[in-house]
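A structural walkthrough
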There are 2 protein chains.
Amino acid sequence: MDERVYDHAETLVDWSARVEEGDDVVLSVGPAAHDLAVAVAEALGERGANLLATYSSEELRRAYLRASEGEFEAPDHELALYEAADVVLSLGGGRNTNAMADVPGERRQSYRSARTDVREARYDTRWVSTYHPTRSLAQQADMAYEEYREFAYDAILRDWDSLADEMAEVKAVLDEGSEVRIESAGTDLTMSIEDRTAVNSAASVAYDSHNLPSGEVFTAPEATEGEVLFDIPMTIDGEAVKGVRLEFEDGEVVSHEADRGEDVIADLLETDEGARRLGELGIGMNRGIDRYTDTILFDEKMAETVHLALGRAYDACLPEGQSGNESAIHTDMLIDTSEDSVLEVDGEVVQRDGEFLL
Amino acid sequence: MDERVYDHAETLVDWSARVEEGDDVVLSVGPAAHDLAVAVAEALGERGANLLATYSSEELRRAYLRASEGEFEAPDHELALYEAADVVLSLGGGRNTNAMADVPGERRQSYRSARTDVREARYDTRWVSTYHPTRSLAQQADMAYEEYREFAYDAILRDWDSLADEMAEVKAVLDEGSEVRIESAGTDLTMSIEDRTAVNSAASVAYDSHNLPSGEVFTAPEATEGEVLFDIPMTIDGEAVKGVRLEFEDGEVVSHEADRGEDVIADLLETDEGARRLGELGIGMNRGIDRYTDTILFDEKMAETVHLALGRAYDACLPEGQSGNESAIHTDMLIDTSEDSVLEVDGEVVQRDGEFLL
C-alpha cells in the first residue's frame, strides 16, 4: 500500500484526534475508503484503542430514504453508540458524489431533523472528518486519479505544527480587531468582529478543529455592509453555482443574483431568518490546496481565498455562554483574493493579493 | 440489480428476523456484500425500522490485531450499541476467505475472549447471519461465480414454511426418542438424546434459528459410544482437513486420526475438557444445498448429511435452566449419509440412504 496512506492514517489518529490507549473509537468508512480504513485500524491497534467500524454508504442511505414513508425516529442504538464513544473518525470517499441525487430534499431534511441528538452526541466526541482520495473525488475535481492523489496528500500531509504557528498570528490580529474590510473585484464588504474569538483551525481537536485537511482561521462576523462577488464556482445541493453576487445592509442580504444557480441561492436565503445573515468569515491558509476541487472540505482551506458562510455561526467564536447567528444552513462560498485584493482589519492592510503583511 | 438480491433481502428481513416498525437494526456489512446491504436497507426503510450499518472487514481486523500488543478490553461503545439493538443482521461476504491467515491463533483468541459481553449482547437480539454470494466464496467452493450464485440462491430462497413443516416431523421423532444410532461407511455410533429438545432450524428467529440459509434439525447428544468417519472434507482454522476418524467411549473421544490435518484435530481436542465431547447432532435437510462448498453455514444444512460438533451445546436443546456440554469450541464435521447409511431412533429406521421413512 502507498506509504502516504499510512502517513494520512497516523496524522489523523495522532495529530488530529489525539487518540490514546483505551479510547473507544468509531471509524466511519466510506465504500471506497477501505485502504485508509485498514491503515487507521493498524494505527489504532498500535495505540491500544478500541475500534468499531461503521459503514457510511450514500447508496444505502438513498435506498433507505427512498423506501421509507418519510417519518423518522431518533435511533436509540446509534445514540447509545455515540454517547459511549470517545472519538469518531469519518473517512469519506464513495464511488459517486451524486449517489443521493434522486432523494427529495424534504426527505433528507426530515431524516436530518430526527437525528439531531445523534449528531450532537457525535459532536461531543473528539470527531474528525477526512477524505480518502478516490476516483469519484478526482472526477468531481476535473482531475486524473493520480493527479488528484498528489493534490490531496499535499493538502493533508502538511507540517501542521508550523502552519498552526503561522495561523496563530492571523488569529491574534482578528481577536484584537473590531472591523474587517474585504476589497476585491466585485467585492467591497465591511463587517464587525468586535468581541469575537477566531479559531486557529489546524486540523486537530487540540485547536477546536475537526477537518483533515484544515488550514484556515475563521470567526463569526455581524453587521455586514456592502457587496460581494463569490467568483469561485461550487456545487450547492447538487447544483452548479457560479458568480454569486450579494448585497448586505444592516447585516442582512437585501439583493442577490448569480450567473448560474440563482434559484439555489434564492432557496437558501428563504430557509429561515438566519439564512440571510453571515455565520462565518474564514481565511484559507493551506498552501497545499492550490486549486478549486468542488469539495468544500478542501476548497474553504485554499490559500489566497476568503470564504463567507450564510447561516449558522460556531459557538467557539462567541463570548462564553453566547450563541451567534442561528440557522438550519451553513453554506460556504469563496472569494479569490490572489489578485487585486485587500483584506483590512481596523483600517490596516493584513493581506494584499493573497500575501500576508504581518 | 438481480431480483434475487431483493428476494434474499426480503427473506432475511421478514421471514428470518421478523423486523417490525421501530426496530433498531444493526446491519453488519462485509466488504463485498454492498449490493445485498442496499437491498436490505430498502426493505428496512419500507418496514419503518431504524438502520445503523457497521463494516465487517477481516482486512481491518487483521491490521488491528497484528498491530496491537495482544491485550484487549471490552469496548464500551460497541456493548452499548448491541445492548440497545433489537435486531442484528450480518451480511457476510469478503474478497478473500483467508484474509486473517497470518494472525496468530493466540491473538485471535484473546481478542475473542475480551469480547464475550459484546457477543452475548448480540445473541440477546433477534440476530441472523447470512452470506452474499461473492467471488471469493465461489473460489472457496471450487465453483464459477455465476454457478455459485445459482447454488447460493437455491439454498436461500426456499419455501421455508413448508420446509419447517417437514422438519417438524423429524423434530417430533427426536424429541420423543432416547437413543440415536448412525451407521455408514466407517461409522457406527450411538448416543443418548433422552430429555433433550430438538431445534427445528427453519432460518427464522421464530424457530430459534439464526442462519439464512438454514434447514437442519439439531439436538444435544451425550454418552456417545463407537466410531465415526467424517468423510466430507472441510477447512478448520484455515487448514484443510479430510477423513477424520474418532472413537468414543463413555461420551469422550479416546482416539483420533485423519488422512489430512490430524494436527488440527489434535489441537482442537486439547482445547478444554468439553472439546472431547459432542455438543451437537444435526441432520441436514436443505435440498437446495446439493454439494459441499467449504463454508460451514451452508455445508451443515446439506440434505443427506449428518453432522456432529465437538464442543459447546446449545441451551435450547437442554431442559429449562440446564446447560449442556461446555467448551470454547463448537466445531462441526460432516458424514455423507446418502449411500449405505442408516439413521435409527430407538431401534427404528428414520432415514435410509438419505431418504426419510417417517
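Residues numbered from 1 in each chain as written. Chains lettered and ligands numbered in written order. Predicted model: local features only at pLDDT ≥ 70, side-chain atom pairs only at ≥ 80, totals over all residues. Heavy atoms only, no water.

Once that is clear, we can look at the interface of chain A and chain B. The interface of chain A with chain B comprises 39 residues on the first partner and 39 residues on the second. Together chain A and chain B conceal approximately 3300 Å² of surface at their shared face, both sides included; 65% is due to carbon and sulfur atoms. Broken down residue by residue, the surface that chain A buries against chain B is led by Tyr55(A), Tyr64(A) and His77(A), which jointly contribute 22%. Where chain A touches chain B, the interface holds zero salt bridges. Run the count over chain A and chain B and you get 13 residue pairs in polar contact (both at pLDDT 80 or more). Top contributing element to the side of chain A that touches chain B by residue count: helix H2 (residues 34-47) of chain A, with eight residues. Class assignment for the residues of the side of chain A that touches chain B results in 23 nonpolar, eight polar and eight charged. (Contact = heavy atoms within 4.5 Å. Buried area = accessible area lost by both parts, 1.4 Å probe. Salt bridge = Lys/Arg side-chain N within 4 Å of Asp/Glu carboxyl O. Polar contact = N/O pair within 3.5 Å; in protein donor to acceptor, adjacent residues only side chain to side chain. Helix = DSSP H or I, 4+ residues; strand = E, 2+ residues; numbered from the N terminus. Nonpolar A, V, L, I, M, F, W, Y, C, P; charged D, E, K, R; others polar.)

Turning our attention to unusual backbone geometry. All names here are of chain A. Of note, the bond from Leu-212 into Pro-213 is cis; its omega dihedral lies within 30 degrees of zero at 5°. One non-glycine residue, Asp-142, lies in the positive phi region at around 60°. In this fold, Asp-142 is placed in the loop between helix H7 (135-140) and helix H8 (145-156).

Quick look at the packing of H2(A) against helix H3 (residues 58-67) of chain B now. A pair of packed helices can be characterised by two numbers: the angle between their axes and the separation between those axes. The N-to-C vectors of H2(A) and H3(B) enclose an angle of 25°; their axes lie 7 Å apart at closest approach. Relative to H3(B), the element H2(A) is oriented roughly parallel. The crossing of H2(A) and H3(B) is right-handed. Judged by residue contacts, His34(A), Ala37(A), Val38(A), Ala41(A), Glu42(A), Leu44(A), Gly45(A) and Glu46(A) of H2(A) engage Glu59(B), Leu60(B), Ala63(B), Tyr64(B) and Ala67(B) from H3(B). Among the residues forming the contact of H2(A) with H3(B), the class breakdown is eight nonpolar, two polar and three charged. (Axes fitted to C-alpha atoms, helices over the stretch in contact; angles between N-to-C directions. Parallel < 35°, antiparallel > 145°, perpendicular 65-115°, else oblique. Left-handed = near helix turned anticlockwise from the far one by under 90°.)

All names here are of chain A. Strand order in this open sheet of five strands is E7-E9-E14-E15-E16, and the pairing throughout is antiparallel. Pairing within the sheet leaves two strands with one partner each, and these edge strands are strand E7 (199-201) and strand E16 (330-336). Pairs of neighbouring strands in the sheet enclose a mean axial angle of 25°, with direction left out of account. Bridge count for strand E14 (residues 278-284) against strand E15 (residues 305-311) is five bridges, and the pairing is antiparallel. Within the sheet, the bridge partner assigned to Glu-280 lies in E15 and is Ala-309. (Pairing = 2+ DSSP bridges.)

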